[in-house]
Amino acid sequence: MDLPLRIRINPIANLTRCLMVAVCLMPGLSFADILDCPCKVVKVTDGDTVHVLDRTRERHKIRLGGIDAPESSQDYGRQSTLNLSKLIAGEAITVEYSKRDRYGRIIGKIIKGHQDINLQQIRDGYAWHYKYYQYEQSEPDRNAYDQAEREARAVKKGLWKAKAIPPWDYRKINKKK
């Protein structure tokens, strides 16, 4: 004789699952990871790439998200690197990120104290707001980075003193050679 199958429904568990699915599907929300910080900046490679050591002394290569700085061989490349070095070389920072690029680098936002260093590179006129990836940023960051670039351009700060070639165009031109 087969006994009827009894299914026990837990309304709290079902509600929790539904809420978690709904939150994950909401546009504009993302869950950022944070390295085991504070991290120490041990190398500034260029105006948008650094190496850090986390608390466990593990080394990570960080590509500053939302910005693109001149290549080292490009006009203002050295100045951009020096500016980033002045801001964070040897300093304790926090890294917020949600992805890695195809080279395995963490694409992240560097925070020193309460200062967004990626944004500061744009404000100082040593990086572009990287519009190609802007929708990977939160809306407040996207707006702040865009505004900072417009302001730096208006007062001809840093690379905006001359007609600078955006790094994405510079890379295309030099890839063909």
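Keep in mind it's a predicted model, so treat the numbers as computed, not measured.

Calculation criteria
- Residues numbered from 1 in each chain as written.
- Predicted model: local features only at pLDDT ≥ 70, side-chain atom pairs only at ≥ 80, totals over all residues.
- Heavy atoms only, no water.
- Phe/Tyr/Trp six-rings, centres within 6.5 Å; stacked < 30°, edge-to-face > 60°.
- Helix = DSSP H or I, 4+ residues; strand = E, 2+ residues; numbered from the N terminus.
- Buried < 20%, exposed > 50% of the residue type's maximum accessible area, 1.4 Å probe, protein only.
- Core = buried A, V, L, I, M, F, W, Y, C linked by side-chain atoms within 4.5 Å.
- Contact = heavy atoms within 4.5 Å.
- Salt bridge = Lys/Arg side-chain N within 4 Å of Asp/Glu carboxyl O.

### Quick notes on the packing of aromatic side chains
For step 1, the next point in the chain: As enumerated under the stated definition, the model contains five aromatic pairs in all.
For step 2, the next point in the chain: Between Tyr-130 and Trp-168, the ring centres sit 5.5 Å apart and the planes meet at 10°, which makes this aromatic pair stacked. Remark: Trp-168 occurs in helix H5 (residues 167–176) and Tyr-130 occurs in the loop between strand E9 (128–129) and helix H4 (139–154); sequence separation between them is 38 residues.
For step 3, the next point in the chain: We classify Tyr-130 as buried; its relative accessible area is 14%.
For step 4, the next point in the chain: On the accessibility criterion, Trp-168 (27% relative accessible area) is partly exposed.
For step 5, the next point in the chain: With 4.9 Å between their ring centres and 80° between their planes, Tyr-132 and Tyr-133 make a pair best called edge-to-face.
For step 6, the next point in the chain: With a relative accessible area of 69%, Tyr-132 lands in the exposed category.
For step 7, the next point in the chain: Residue classification places Tyr-133 among the partly exposed positions, given a relative accessible area of 33%.
For step 8, the next point in the chain: By the ring-pair criterion, three or more aromatic residues cluster together here, those being Trp-128, Tyr-130, Tyr-132, Tyr-133, Trp-160 and Trp-168.

### With respect to the nonpolar core
For step 1, the next point in the chain: Within the largest apolar cluster, 25 residues are counted, with the highest numbers of intra-cluster contacts made by Leu-35, Val-50, Ile-88 and Ile-110.
For step 2, the next point in the chain: Once residues within four sequence positions are removed from consideration, Val-50 is found in contact with Val-41, Lys-43, Val-44, Thr-45, His-60, Lys-61, Ile-62, Leu-64, Leu-84, Ile-88 and Ile-110.
For step 3, the next point in the chain: Judged by nonpolar contacts, the second largest core, of six residues, contains Trp-128, Ala-152, Leu-159 and Trp-160.

### Observations concerning unusual backbone geometry
For residues besides glycine, phi is generally negative; the peptide bonds are generally trans as well.
For step 1, the next point in the chain: If you check the backbone angles, Arg-57 has positive phi at about 70° while not being a glycine.
For step 2, the next point in the chain: Mapped onto the elements, Arg-57 comes out in the loop between strand E3 (49–53) and strand E4 (59–64).
For step 3, the next point in the chain: Residue classification places Arg-57 among the exposed positions, given a relative accessible area of 64%.

### Quick notes on the pattern of salt bridges
For step 1, the next point in the chain: Tallied over the full model, the rule gives twelve salt bridges.
For step 2, the next point in the chain: Note that Lys-131 and Asp-146 form a salt bridge whose closest N and O atoms lie 3.3 Å from each other. In this pair, Lys-131 is assigned in the loop between E9 and H4 and Asp-146 in helix H4, connecting sequence segments 15 residues apart.
For step 3, the next point in the chain: Note on Lys-131: relative accessible area 32%, which makes it partly exposed.
For step 4, the next point in the chain: A relative accessible area of 22% places Asp-146 in the partly exposed class.
For step 5, the next point in the chain: With a shortest N-O distance of 2.9 Å, Arg-150 and Asp-146 are connected by a salt bridge. Here Asp-146 and Arg-150 lie together in helix H4, a separation of four residues that amounts to about one turn.
For step 6, the next point in the chain: Salt bridges linked by common partners bring Asp-48, Arg-63, Asp-68, Glu-71 and Arg-171 together as one network.

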